[in-house]
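Residues per chain, in single letters:
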Amino acid sequence: MLTRRLALALLSAASALPAAALAQTPAKTNATDPAALLTRLYKAAAKDNAGGAFVNNAKERAKYLSTSFAALWSKAEAKVPDGEIGPIDFDPVSNSQDPDIKSFAIKAETQDDARATLAVALIGSQRRKVAADSVIRYDLVRDGAAWRIDDIRGSVEGQPWSVRQMLEASLKN
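First, a word on what this report is: a plain description of the structure on this page. (Residues numbered from 1 in each chain as written. Predicted model: local features only at pLDDT ≥ 70, side-chain atom pairs only at ≥ 80, totals over all residues. Heavy atoms only, no water.)

1. With respect to helix α2 (residues 34-48)
Part 1 of the argument: Taking 1.5 Å of rise per residue, the 15 residues of α2 would be expected to cover 21 Å, and the 22 Å separating its terminal C-alpha atoms lies within 8% of that figure.
Part 2 of the argument: Within α2, the full set of buried residues consists of P34, A35, A36, L37, L38, L41, Y42 and A45.
Part 3 of the argument: Check the buried side of α2 and you find it contacts α3 (58-64), β1 (103-111), β2 (115-123), β3 (135-143) and β4 (146-156).
Part 4 of the argument: Between the side-chain oxygen at the start of α2 and the backbone nitrogen of A35 there is a gap of 3.1 Å, and the oxygen is on D33. (Helix = DSSP H or I, 4+ residues; strand = E, 2+ residues; numbered from the N terminus. Expected span 1.5 Å × (residues − 1). Buried < 20%, exposed > 50% of the residue type's maximum accessible area, 1.4 Å probe, protein only. Contact = heavy atoms within 4.5 Å. Polar contact = N/O pair within 3.5 Å; in protein donor to acceptor, adjacent residues only side chain to side chain.)

2. Structural notes on the pattern of salt bridges
Part 1 of the argument: Inspection of the entire model under this criterion finds 5 salt bridges.
Part 2 of the argument: In this structure, E77 and R61 form a salt bridge, with 3.0 Å as the shortest nitrogen-oxygen distance. With E77 in helix α4 (residues 67-78) and R61 in helix α3, this pair connects stretches of sequence that are 16 residues apart.
Part 3 of the argument: A relative accessible area of 2% means that R61 is categorised as buried. (Salt bridge = Lys/Arg side-chain N within 4 Å of Asp/Glu carboxyl O.)

3. Overview of the pairing of β4
Part 1 of the argument: As defined by bridge partners, β3 adjoins β4 across 7 bridges and the pair is classed as antiparallel. Counted as the bridge partner of Y138 is I152 from β4.
Part 2 of the argument: Here β3 folds back onto β4 in antiparallel fashion, the turn holding 2 residues, of which G144 has a positive phi close to 70 degrees.
Part 3 of the argument: Where β4 meets strand β5 (residues 159-162), 4 bridges bridge the pair, whose relative direction is antiparallel. Note on β5: the bridge partner recorded for V156 is Q159. (Pairing = 2+ DSSP bridges.)

4. Section: the layout of surface pockets
Part 1 of the argument: Considering only enclosed or pocket space, the largest pocket measures out at about 560 Å³ in volume.
Part 2 of the argument: If you go around the largest pocket, you meet 21 residues; those closest to its centre are N95, Q126, R127, R128 and K129.
Part 3 of the argument: Looking at the lining of the largest pocket, the elements with two or more residues in it are β2 and β4.
Part 4 of the argument: Grouping the amino acids of the lining of the largest pocket by side-chain chemistry returns 6 nonpolar, 8 polar and 7 charged. (1 Å grid on protein atoms, 1.4 Å probe; cavity = no way out; pocket = protein on both sides within 12 Å on 5 of 7 lines; lining within 4 Å. Points joined across faces, edges and corners; volume = space filled by probe spheres on them. Nonpolar A, V, L, I, M, F, W, Y, C, P; charged D, E, K, R; others polar.)

5. Structural notes on the environment of G154
Part 1 of the argument: In this structure, G154 sits in strand β4.
Part 2 of the argument: On the basis of relative accessible area, G154 is assigned to the buried category, the value being 14%.
Part 3 of the argument: Residues in contact with G154, not counting those within four places in the same chain, are V135, Q159, P160 and W161.

So this is what it looks like as structure tokens:
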């Protein structure tokens, strides 16, 4: 015969099983979650309103960009005469001249084991004239065990841009 105490004990034990199973599930890391890289970058950008300061320094770029993207950026900058502005004359992380990031939301659009495209929706203190200009897309590639940015894309007044394409075009001039 099932007593109330035994029934409560069984119910308690059964409800603890899912919690124990969840507690043992490992959290996603940078190696398995490409959004972790962008989350870290945008948290810093929103905190300091610094935008993509990492793209202005070749050593920092090497930490976040794919090998080919970092090499392309360095090659394009090396071609710029001293005192001139480089091929990327704006902050691609905030899609602006003056970073204004209050908050952000990241959504994976596509992802497999080697590549991912993530969209970052930005919210600043002022609305943009064209809503699409508030979304920055990142093409990421697996570089060894880590995810790295292989291109940054967005739009200005609805007209699309790609950092990779701008860098490649600057080398043709």
